[in-house]
Amino acid sequence: MGTQPTGIAVSLDGLLTYVTNLGPSNISVIDTTTNTVIETFATSPNPNWAAFHPVRDESWIGVNGIGTVLEARSTVDHSLVATALGTIPYGSTGIVFRPDGNRAMGSESCGCCGRFHRINGNHVGGNISINQQDILFDNTGSATGLAIHPTTGVFYLGK
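Rules used in this analysis
Numbering of residues starts from 1 in every chain and runs along the sequence as written. Given that the model is predicted, a residue must reach a pLDDT of at least 70 before its local features are reported, and side-chain atom pairs must reach 80 or more before they are shown or counted; all residues, however, enter totals for whole chains, interfaces and linings. Note that the side-chain values use all heavy atoms of the structure and ignore hydrogens as well as water. For two strands to be treated as a pair, DSSP must find at least two bridges joining them. What counts as a helix is a DSSP run of H or I of at least four residues, what counts as a strand is a run of E of at least two, and both are numbered from the N terminus. Axes here refer to lines fitted to C-alpha atoms; in helices the fit is confined to the stretch in contact. Angles between the N-to-C directions go from 0 to 180 degrees. We define the nonpolar core as a collection of buried residues of types Ala, Val, Leu, Ile, Met, Phe, Trp, Tyr and Cys that are connected through side-chain atoms lying within 4.5 Å of one another. For every residue, the accessible area obtained with a 1.4 Å probe (protein chains only) is divided by the maximum for its type, and the residue is called buried under 20%, exposed over 50%, and partly exposed between those limits. The contact criterion used is simple: two residues touch if any of their non-hydrogen atoms lie within 4.5 Å.

Details of the sheet that holds strand E6 (residues 58–63)
Next, step 1: Within the open sheet, the 4 strands sit side by side as E5-E6-E7-E8. Their pairing is antiparallel. Each edge of the open sheet carries a strand with a single partner, namely strand E5 (47–52) and strand E8 (80–86). Within the sheet, the average angular offset between the axes of one strand and its neighbour, ignoring direction, is 20°.

Side note on the nonpolar core
Next, step 1: Membership of the largest hydrophobic core comes to 14 residues, with the highest contact counts inside it found for Trp60, Leu70, Ile95, Phe97, Ile119 and Ile128.
Next, step 2: Within the residue set of this core, elements represented by two or more residues are strand E7 (67–74), E8 and strand E9 (94–97).
Next, step 3: It is E7 that contributes the most residues to this core, 3 residues altogether.
Next, step 4: When residues no more than four places from it in sequence are discounted, the contact partners of isoleucine 95 are Trp49, Ala51, Trp60, Ile61, Gly62, Leu70, Ala104, Met105, Gly106 and Leu146.
Next, step 5: Counting residues in each nonpolar core, the second largest holds 9 residues, with Ala9, Ala50, Phe52 and Ile61 among its members.

Details of the environment of alanine 9
Next, step 1: For alanine 9, the position within the fold is in strand E1 (residues 5–10).
Next, step 2: Considered as a pair, alanine 9 and proline 45 are 36 residues apart in the sequence and their alpha carbons are 18 Å apart.
Next, step 3: Apart from residues lying up to four places away in sequence, alanine 9 is in contact with Leu16, Thr17, Tyr18, Ala50, Ala51 and Phe52.

Structure follows, in structure tokens:
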């Protein structure tokens, strides 16, 4: 893999693992049957987290920086499908989707200003929209605990 691996996601079929590499700004694709890197593709600078969309053939990459802060990419050819732009890294330390894929929750952890963000899982016109920002934002602690109940779709947030 590249330098500074930070996030790991396993595809829904279990055949591939994506590893975000912060330093070189790319993702290593690992074949889980051979445990070898079969491909590497470039992302926006500072990819920090990845998740697979539960319904569409997409990977969502949380970027730890300003500008492009969230990417949705095709799992077929890794082409960019949609982005969220801004100054808040909406999914830099975690992204989880509801089972139907309509909503996601992202976590952001930058020192003591950790917060969570409710994200629309259905992008429109190449744009990923944020439904609700700054959930549990109190300027203390990191927002790194993030999970979802697999049948009810309830998000669990840990700070």
